[in-house]
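Listed below, chain by chain, are the residues.
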Amino acid sequence: DNGELAPDYWQSRLHETAGAVIVGARRPLIAFNVNLRGDVGAAKEIAAVVREKGGGFTGVRALGLDLPRAGLVQVSMNVEDWEAAALHEIVARIEAEAAARGAEVVGSELVGLMPAGAVAAAAGAMLRIDGFDASHVLELRLL
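Rules used in this analysis
Residues numbered from 1 in each chain as written. Predicted model: local features only at pLDDT ≥ 70, side-chain atom pairs only at ≥ 80, totals over all residues. Heavy atoms only, no water. Pairing = 2+ DSSP bridges. Helix = DSSP H or I, 4+ residues; strand = E, 2+ residues; numbered from the N terminus. Axes fitted to C-alpha atoms, helices over the stretch in contact; angles between N-to-C directions. Contact = heavy atoms within 4.5 Å. Buried < 20%, exposed > 50% of the residue type's maximum accessible area, 1.4 Å probe, protein only.

*Asks:* Help me get a handle on the sheet that holds strand β1 (residues 30-37), residues and values and all.
*Replies:* Note on sheets: strands pair through backbone hydrogen bonds, and any given pair is parallel or antiparallel. Ordered in space as β2-β3-β1-β4, the 4 strands form an open sheet in which the pairing is antiparallel. Each having just a single partner strand, β2 (60-67) and β4 (104-111) make up the two edges of the open sheet. Adjacent strand axes in the sheet meet at a mean angle of 20°, parallel and antiparallel pairs treated alike. Sheet analysis places β2 next to strand β3 (residues 72-79), joined by 8 bridges and oriented antiparallel. Bridge pairing in β3 links Gly-64 to Val-75. Relative to β1, helix α2 (residues 87-100) is tilted by about 25°, and along the sheet it contacts β1, β2, β3 and β4.

Here is the structure:
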């Protein structure tokens, strides 16, 4: 009511009995982690290299974490724009950075869901199919 927020649609005052609802929307975020055999210092250095803020991939937020119960370390990421930062390219960069630091990629982890387009892009790249995109995936084409 005191004007600090202006709605994109409808009236700019609160309804007397219903109040207001604020809704935000963003593109799908992929929570993706890469596990390493190595020390947490290496994971933190690699995270700094791949994150956007450090000059790495666009839309990638990354942290290096210790996973003591698993005996591993992790580059934990939120990929906010999977089209600008393809997962297979991120993993390849992490593998190269890990090797340079005496660490080894031992696996990855998807937390939640990811867009089918991100999967298709990674599959096409890993299989080295020229011009591959999500329109070549039968189930996606049927949708």
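*Asks:* Run through the pairing of β1, naming residues and quoting values.
*Replies:* Burial of β1 is extensive: 7 of the 8 residues sit out of reach of the surface. Inspection of the sheet shows β1 paired to β3 by 7 bridges, in the antiparallel sense. Pairing of Val-34 across the sheet is with Val-75, part of β3. As judged from the 7 bridges shared by β1 and β4, these two strands associate in the antiparallel manner. Each bridged residue has a counterpart across the sheet, and for Val-34 the counterpart in β4 is Ser-108.

Structural measurements only, silent on function.
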